[in-house]
Amino acid sequence: MPPRPALNPDPATRAWAPAPGPAPRLLAMRGKLLPLAGLYLVQGLPYGLQSGLLPVLLRARGLSLTRVGLAKALYAPWLFKLVWAPLVDTRGSPRAWLTLSTAALGLVCGLLASHPPAAAGQAGLPVTVAGLLLLLNLAAAVQDVALDMLALRLLEPTELGPGNMVQVVAYKLGAVLAGGGLLAFGPTLSWPRLFLLLAATYWLAAALTWVAPALRQLPTPLPSEHPRHTLHLGQDLLAVPGTLWTVGFVLTYKLGEQGTSGLFPLLLLDCGISAPELGLWNGVGAVACSIAGSSLGGALLARRRQPLPLLKSALQFHLGGLACQTAMLFHLDSPGASLAPSTVLRGTALLSLCLQHFLGGLVTTTTFTLMMRCSQLAPSALQQATHYSLLASLELLGKLLMGTLAGALADSLGPRLCFSVFLALSAAPMLYLGLAPNTLA
C-alpha cells in the first residue's frame, strides 16, 4: 500500500481528492480491512473470556449477582485510555505499539496458564488471577488505542461503514471463540491449555504485525513541539463539532441493554438451564447473531444509509425485544413457572438472546461509525485517535456502569422492578436522537 499523503488530513481536504474506479477502490479497501480484521479479532479474546466465561463460572459456584457484577471492575484500564492515548498518538508508530502490546498480551496469557481459576467453595477469583486479568485488560486497552489510530489513518470517510463493520464483527468473533466456545467445550479444553493456546495466538499475531507491509509503510508522526496540558486537551476535544452530543449518546445508549444482557442469562441459569447449553446459546449462537447484525449494519452504511435514521429504527426494534424479555421474566418469576426441556417458553427465552444480540450488533456498528465520523471532524492539529479514545472510553463507561450495578439492582429491587427500569432506560436514547446536531447527519 503506498504511503498516505498526510497523517490526519482534514475531511474537507479529503473530499476533493479524485475518486478511483470501483475495482481499484474495492481492492484498496480490502487491503486495509484484512489486517484490521485480524487485529480486532485477537483484541476480542480477553473480553470474551471475562464476559462469557467468568460470570457463569462464578455464578455456578454460588456467588451472588452483586459479586458476579463486581468482577467487571477488572475492565477498569479501558476507562483510562485517554491517559496514554496522547503518548500512543504522538510517539512511535502504530506498528511498534501494536506489536509490543500484542506480545504483552501473550506474556500475560502464558502466566495465566499456570494459575487456575476459583476452585469449588472459594468465595471468588484468586488475587493473582484477578491481577493478571487486570494486566490483560491494560495491555488490550493500549492495543486498542494503537489500533484505532491505525484505522483512523487508513480509512477514508466513505469506508467508515465497512471499516466499523469489520471492527465490530472481528472483535465479537474473537469474543465468542474465547468465551462461548470454552463454555460449550469446557470439559475438553482445560484452563491451562486454553491460555497456552491464547498465548501462542497473540505471539503469532505480534510477529505478523511487525512484518505486515501495510503497517511498515505508514509514516511515523513527528512529536508535538507544544504538547497540550490535560485541561486544555480536554477542552479542545469537547470543542470538536458534535462531540458533546455524541458523549451524551454513547454514555446512555447501552444502559438498558447492558443490564438485561448481563442478567437475563444468569436468571435462565437459575431457572434450570445448564451452563454448557447457556454457553452455546448465549456465547456461540447469540454472538453469531450479533455478528450478523453488525454485518447488516455495515452493509446498509456502505449503501449510503445515514447512521442516525438507521439507529432510530434499530433502537425501536431493540426496545420491542426487551419488552418481550421483560414479559417472560415476569412469568418466570411467578410461582410454578419453569423452563422444562422441549417447552415453547424455553425455546423462546433462548431465541430472545439471539434476537437481542442481532439488534445490539446493528446498533453497535452504527454507533461506532457515528463516533468515528465525529472524530474525523477534529482538525489536523488535534490527534484524532485521542478524540476517538475519549468517545470509546465514555462508551465503555456507560456499559460498565450498568453492567457492574445490574446485579446489585436485581438483588435489592427484585428482577421485576429491575427489568422495568432497564426498559425505561432503553427508551431514552430514541428521544435523545432527536437532538442530534446537523454536523453528524
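Residues numbered from 1 in each chain as written. Predicted model: local features only at pLDDT ≥ 70, side-chain atom pairs only at ≥ 80, totals over all residues. Heavy atoms only, no water.

1. Here we look at the overall build of the protein
Check the secondary structure of the protein and you find 18 helices and 0 strands. Burial statistics for the protein: of 441 residues in total, 51% are counted as buried. For the protein, the share of sequence-separated contacts (at least 6 apart) that also reach a separation of at least 24 residues comes to 87%. In the structure as shown, the protein presents an accessible area of about 18,700 Å², 71% of it carried by carbon and sulfur atoms. (Helix = DSSP H or I, 4+ residues; strand = E, 2+ residues; numbered from the N terminus. Buried < 20%, exposed > 50% of the residue type's maximum accessible area, 1.4 Å probe, protein only. Contact = heavy atoms within 4.5 Å. Areas by Shrake-Rupley, 256 points an atom, 1.4 Å probe, with all protein chains shown as cover.)

2. Here we look at the nonpolar core
Within the largest apolar cluster, 83 residues are counted, with the highest numbers of intra-cluster contacts made by Leu36, Leu112, Leu150, Phe195 and Trp245. A total of 16 residues in this core trace back to one element, the largest contributor, which is helix 6 (residues 127-154). Residues from two domains meet in this core; each of domain 1 (32-216) and domain 2 (232-440) gives at least three. Once residues within four sequence positions are removed from consideration, Leu112 is found in contact with Val129, Leu132, Leu133, Leu136, Trp191 and Phe195. One finds Phe264, Leu278, Leu339 and Phe419 within the second-largest nonpolar core, a separate group that totals 22 residues. (Core = buried A, V, L, I, M, F, W, Y, C linked by side-chain atoms within 4.5 Å. Domains from an automatic or database assignment.)

3. Quick notes on the packing of aromatic side chains
To describe a pair of aromatic rings, you give the distance between the ring centres and the angle between the ring planes. Within this structure, the stated rule accounts for 8 aromatic pairs. Taken together, a centroid distance of 6.5 Å and an interplanar angle of 10° make the contact between Phe249 and Tyr432 stacked. Here the residue Phe249 occupies a position in helix 12 (residues 243-252), and Tyr432 occupies one in helix 18 (residues 415-432), the gap between them amounting to 183 residues. By relative accessible area, Phe249 is classed as buried at 1%. Seen in terms of ring centroids, Phe419 and Phe422 are 5.6 Å apart; in terms of plane orientation they differ by 65°. Their pairing is edge-to-face. With Phe419 and Phe422 both in helix 18 and 3 residues apart, this pair spans about one turn of that helix. Summarising the burial analysis for this pair, Phe419 and Phe422 share the class buried. Residue placement shows Arg95 over the ring face of Trp210; its charged tip is 3.6 Å from the ring centre. (Phe/Tyr/Trp six-rings, centres within 6.5 Å; stacked < 30°, edge-to-face > 60°. Lys NZ or Arg CZ within 6 Å of the ring centre and 35° of its normal.)

4. Topic: the packing of helix 5 (residues 94-112) against helix 6
Direction vectors running N to C along helix 5 and helix 6 enclose 160°, while the axes themselves pass 9 Å from each other. As judged from the angle between their axes, helix 5 and helix 6 are roughly antiparallel. The hand of the helix 5/helix 6 crossing is left-handed. Split by residue class, the contact of helix 5 with helix 6 holds 21 nonpolar, 3 polar and 1 charged. (Axes fitted to C-alpha atoms, helices over the stretch in contact; angles between N-to-C directions. Parallel < 35°, antiparallel > 145°, perpendicular 65-115°, else oblique. Left-handed = near helix turned anticlockwise from the far one by under 90°. Nonpolar A, V, L, I, M, F, W, Y, C, P; charged D, E, K, R; others polar.)

5. Observations concerning the packing of helix 15 (residues 307-332) against helix 16 (residues 344-375)
Two elements in contact, helix 15 and helix 16, have axes separated by 9 Å at closest approach and are oriented at 155°. Between helix 15 and helix 16, the interaxial angle falls into the category roughly antiparallel. The two elements helix 15 and helix 16 cross, and the hand of that crossing is left-handed. Looking at the contact of helix 15 with helix 16 residue by residue, the classes come out as 17 nonpolar, 10 polar and 1 charged.

6. Comments concerning the environment of Gly242
Positionally, Gly242 belongs in the loop between helix 11 (230-239) and helix 12. On the basis of relative accessible area, Gly242 is assigned to the buried category, the value being 14%. When the C-alpha positions of Gly242 and Leu377 are compared, they lie 8.6 Å apart, and in sequence the two are 135 residues distant. In contact with Gly242, not counting residues within four places along its chain, are Cys374, Pro437, Thr439 and Leu440.

7. Brief notes about the side chain of Lys81
Along the chain, Lys81 falls in helix 4 (residues 81-90). Here Lys81 is in contact with Ala141, Asp144, Val145, Asp148, Ser389, Ala392 and Ser393, once residues within four sequence places are set aside.

8. Section: the pattern of salt bridges
According to the stated counting rule, one finds 3 salt bridges in the structure shown. Asp144 is the partner of Lys81 in a salt bridge, and the nearest nitrogen-oxygen pair spans 2.4 Å. Taken together, the positions of Lys81 in helix 4 and Asp144 in helix 6 put the pair 63 residues apart, joining distant regions of the chain. The exposure classification of Lys81 matches that of Asp144, with both residues buried. Residues Lys254 and Glu257 are paired through a salt bridge, measuring 2.9 Å at the closest nitrogen-oxygen approach. (Salt bridge = Lys/Arg side-chain N within 4 Å of Asp/Glu carboxyl O.)

9. Details of a nonpolar patch on the surface
Together, Leu204, Leu208, Trp210 and Val211 make up a nonpolar patch on the protein surface, roughly 410 Å² of accessible area in all. Among the secondary structure elements, Leu204 is positioned in helix 9 (residues 191-211). (Patch = residues over 30% accessible without salt bridge, like charges linked within 9 Å, V, L, I, M, F, W, Y side chains within 5 Å.)

10. Observations concerning the environment of Arg67
Examined against the element boundaries, Arg67 turns out to sit in helix 3 (residues 65-70). Residue classification places Arg67 among the partly exposed residues on the basis of a relative accessible area of 47%. In this structure, the C-alpha to C-alpha distance between Arg67 and Leu405, residues 338 residues apart in sequence, is 9.9 Å.

11. Structural notes on the confidence of the model for the protein
In the predicted model, the protein carries a mean pLDDT of 78, and 80% of its residues have values of at least 70. The spread of mean pLDDT over the elements of the protein runs between helix 1 (residues 11-14), the lowest at 41, and helix 12, the highest at 93. (pLDDT = per-residue confidence, 0-100.)

12. Digging into helix 13 (residues 255-270)
Over its 16 residues, helix 13 runs 23 Å from end to end, which matches the ideal 22 Å to within 8%, given 1.5 Å per residue. Most of helix 13 is tucked away: 13 of the 16 residues are buried. A positive backbone phi angle near 115° is found at Gly272, which sits one or two residues after helix 13. (Expected span 1.5 Å × (residues − 1).)

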